[in-house]
Amino acid sequence: MPFETGSAPPATHVERYGMGAHDLVQGAVFEHETRRTLLDHDNTLVSLLAMNTHPVHIDYAYAAATEFGKPLAVSPLLVSTLSAIVFNDFRQLALRSFEIREMTFKVPVFPNNTLRARSEVLERSDGFALLALSGFKDTDADTGSAENRDTEFCACRLALCFAEPG
Amino acid sequence: MDIYVYPHEFDDFAVGQVIEHEQRRVLTEADNLLFSRMSGHEHPALFPYGSAAAGPVPVNPFLVLAIVGGISVRATSKGAIANLGWKYVRFPERAFVGDELRAITEIRGKRQSKSNPARGIVNIGTYGLTQDGRVVSETDRSFMVRVG
């Protein structure tokens, strides 16, 4: 007897992940759920993909002799990963453009750190929001501690221009 | 035009110099896919995954940031101790798959660290441009270098 194939049941629900413009309320704080562990492989791959020649990312013998004693995560990968964590949570936002302002790195990030993000809506007007964005990393991978202690490694402002829902 | 002399430490950076970087890079579908997936991007404005729409494929702006930054490293921060941050990161226009990126950097400022005179901070502005002169990224970045 042949398998019954070739037909799917009609959908009863549609999936809609993430928040939209309505959720961007002044003062709202978002602890973004997704976390991400950056691996040595990620770091080397993105450094090379981006044609970044700084040895501290791709030459581990060089990195061992620096004041950090080990390779540093490459900044564009940090910014991209952190932004993805935030933007994914606003997947229903009809984003038109965005800008990163005043991004400062406070402590170094190393491969094997786990990243997470927090954002807060500082300003909100028609089709515009200004978020304060903080990136945190666990320190377990650095210290060997069993505690899951978060350290803020970077902070910035994220300005968003978007279409308000009609 | 003068040939640029690569800087090794604080004194080598000359404020006011504007460098046309030698390396260029054609953005491919594979670049966009790999980088976007590795960073985890799902927002359709940044990475229009699953879209069967015809026409030019917009490239993830964070890939533009990474490549334009990467192209500029050899002439700027290759000897740097650490990247300190960006005053701004802007994407005036979108880049598309097939575009060729080039980069221009202006050395904007430098100062010695107040807390540690053996360290200096260099400030640069880097622009990413396409083959037809569209500005697809504008950044203002600071990094820490050795003095002497």
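Note that the structure is predicted; figures quoted are calculated from it, not measured. (Residues numbered from 1 in each chain as written. Chains lettered and ligands numbered in written order. Predicted model: local features only at pLDDT ≥ 70, side-chain atom pairs only at ≥ 80, totals over all residues. Heavy atoms only, no water.)

Draft legend 1. Local environment of the pattern of salt bridges. If you walk through the whole model with that rule in mind, you get 18 salt bridges over all chains. One salt bridge in this structure joins Arg101(A) and Glu99(A), with 3.1 Å as the shortest N-O distance. Given the relative accessible area of 30%, Arg101(A) is considered partly exposed. With relative accessibility at 18%, the residue Glu99(A) sits in the buried group. Put simply, Arg134(B) and Asp99(B) hold a salt bridge, and the shortest N to O gap is 2.9 Å. Placement of Arg134(B) in the loop between strand E5 (119–129) and strand E6 (135–146) and of Asp99(B) in the loop between strand E3 (82–90) and strand E4 (100–112) is noted, with a sequence separation of 35 residues between them. (Salt bridge = Lys/Arg side-chain N within 4 Å of Asp/Glu carboxyl O. Buried < 20%, exposed > 50% of the residue type's maximum accessible area, 1.4 Å probe, protein only. Helix = DSSP H or I, 4+ residues; strand = E, 2+ residues; numbered from the N terminus.)

Draft legend 2. Main features of the pairing of strand E4 (residues 114–125) of chain A. Residue and element names in this part refer to chain A. Both strand E1 (residues 29–31) and E4 contribute to a ladder of three bridges, which runs antiparallel. Considered in E4, the bridge of Val29 is made with Glu120. When E4 meets strand E5 (residues 128–138), the two strands line up antiparallel, connected through 10 bridges. Within the sheet, the bridge partner assigned to Ser125 lies in E5 and is Phe128. In textbook terms, the turn of a hairpin is the stretch between consecutive antiparallel strands, and for E4 and E5 this stretch comprises two residues, one of which, Gly127, has a positive phi near 70 degrees. (Pairing = 2+ DSSP bridges.)

Draft legend 3. Molecular detail of the pairing of E6(B). All names here are of chain B. Bridge analysis of E3 against E6 gives seven bridges, and the strand direction is antiparallel. Note on E6: the bridge partner recorded for Ala82 is Met144. Of the strand pairs in this sheet, E5 and E6 are connected by 11 bridges, and their pairing is antiparallel. Residue pairing across strands places Gly128 opposite Ser137, the latter belonging to E6. Where E5 folds back on E6, the antiparallel hairpin that results is connected by five residues, among which Gly133 adopts a positive phi of roughly 85 degrees.

By themselves these figures say nothing about function.
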